[in-house]
Amino acid sequence: PARPSVDSKMAARQMGAAASTAEQEEEGGEGEEEEKEVRSEVPDSLSGKYTGSFAYLTITERLPYIVTKAVDTLHRHTDTFFAQYGQEGVEAEKKAIGLMSKLRNELQTDKPVLPITDGFPDAAQWNTYLEQQQARLGSEENTSWFRAPWLYVECYMYRRIHEALLLKWVKQLIN
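Attention in this report is confined to the structure presented alongside it. Note that the structure is a prediction, hence the values are computed from the model and not measured. (Residues numbered from 1 in each chain as written. Predicted model: local features only at pLDDT ≥ 70, side-chain atom pairs only at ≥ 80, totals over all residues. Heavy atoms only, no water.)

1. Here's the deal with unusual backbone geometry
Stage number 1. Positive phi is not limited to glycine here, since D110 has a value of about 55°.
Stage number 2. Mapping D110 onto the fold places it in the loop between α3 (78–108) and α4 (123–137). (Helix = DSSP H or I, 4+ residues; strand = E, 2+ residues; numbered from the N terminus.)

Shown next, in the form of structure tokens:
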């Protein structure tokens, strides 16, 4: 089902508040306290599904920029990788750049968020949370960059950059 935009929701809330205030003034309601309904539902997480929202702008503009800057930094240091680690260092750099380019494409095309596969101790926690989001959102496809909670996908992006830079073959070169 289509959801209203952020602007239309805000306008509806403002109109409702203005109407409520006008009704109270007409009824001479100053000084009278009405019981207010307490809502028990939890609002949706902030996500990029609303065009123009902070989360949407972050996911479409800032996150791809960050990944691009990481790729550019690796490109600028190709000579250093070669000088310190030889051709094996350059190959590791190319692999990391390839993984980050794939990440940027997944992000920009709203692909499903993928499980972490690097075998580091925290991977299980990331994947458990991903499974919880998939259950909450109804499917793997719904747990995409624009539909999953914004804070999760932003942190997840940094974790995927970490994964690209510290895979076994890169770790071996560094140690």
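So that's the structure; there's more coming.
2. Thoughts on the side chain of E163
Stage number 1. Assignment of secondary structure puts E163 in helix α5 (residues 150–165).
Stage number 2. According to the relative accessible area criterion, E163 is buried, its value standing at 9%.
Stage number 3. Reaching out from E163, the side chain makes a polar contact with the backbone nitrogen of D118 at a distance of 3.3 Å. (Buried < 20%, exposed > 50% of the residue type's maximum accessible area, 1.4 Å probe, protein only. Polar contact = N/O pair within 3.5 Å; in protein donor to acceptor, adjacent residues only side chain to side chain.)

3. Side note on the layout of surface pockets
Stage number 1. Put simply, the second largest pocket is a space of about 210 Å³.
Stage number 2. What lines the second largest pocket is a set of 13 residues, among which L99, K102, T117, R160 and E163 lie closest to the centre.
Stage number 3. When contributions to the lining of the second largest pocket are tallied by element, the ones reaching two or more residues are α3 and α5.
Stage number 4. Tallying contributions element by element places α3 first for the lining of the second largest pocket, with 5 residues. (1 Å grid on protein atoms, 1.4 Å probe; cavity = no way out; pocket = protein on both sides within 12 Å on 5 of 7 lines; lining within 4 Å. Points joined across faces, edges and corners; volume = space filled by probe spheres on them.)

4. Some details on the side chain of S47
Stage number 1. Mapped onto the fold, S47 is located in the loop between α1 (6–26) and α2 (54–76).
Stage number 2. Judged by its relative accessible area of 2%, S47 is buried.
Stage number 3. If sequence neighbours within four positions are ignored, S47 has contacts with S53, A55, Y56, F146, R147, A148 and W150. (Contact = heavy atoms within 4.5 Å.)

5. What about the nonpolar core?
Stage number 1. Counting 26 residues, the largest nonpolar core has I59, M100, W145, Y152, V153, Y156 and M157 as the members making the most contacts within it.
Stage number 2. Elements with a contribution of two residues or more to this core: α2, α3, α4 and α5.
Stage number 3. Here this core takes 7 residues from α5, the largest share from any one element.
Stage number 4. Not counting chain neighbours up to four residues away, the residues in contact with Y152 comprise V113, W126, Y129 and L130. (Core = buried A, V, L, I, M, F, W, Y, C linked by side-chain atoms within 4.5 Å.)

6. Remarks on the packing of α4 against α5
Stage number 1. Between α4 and α5, the least distance of the axes is 12 Å, while the angle of their chain directions is 150°. Taken together, the axes of α4 and α5 lie roughly antiparallel to each other. α5 is crossed by α4, and the crossing has left-handed handedness. When α4 is examined against α5, the residues A123, W126, Y129 and L130 are found in contact with a partner set consisting of Y152, C155, Y156 and R159.
Stage number 2. Considered class by class, the residues forming the contact of α4 with α5 number 7 nonpolar, no polar and 1 charged. (Axes fitted to C-alpha atoms, helices over the stretch in contact; angles between N-to-C directions. Parallel < 35°, antiparallel > 145°, perpendicular 65-115°, else oblique. Left-handed = near helix turned anticlockwise from the far one by under 90°. Nonpolar A, V, L, I, M, F, W, Y, C, P; charged D, E, K, R; others polar.)

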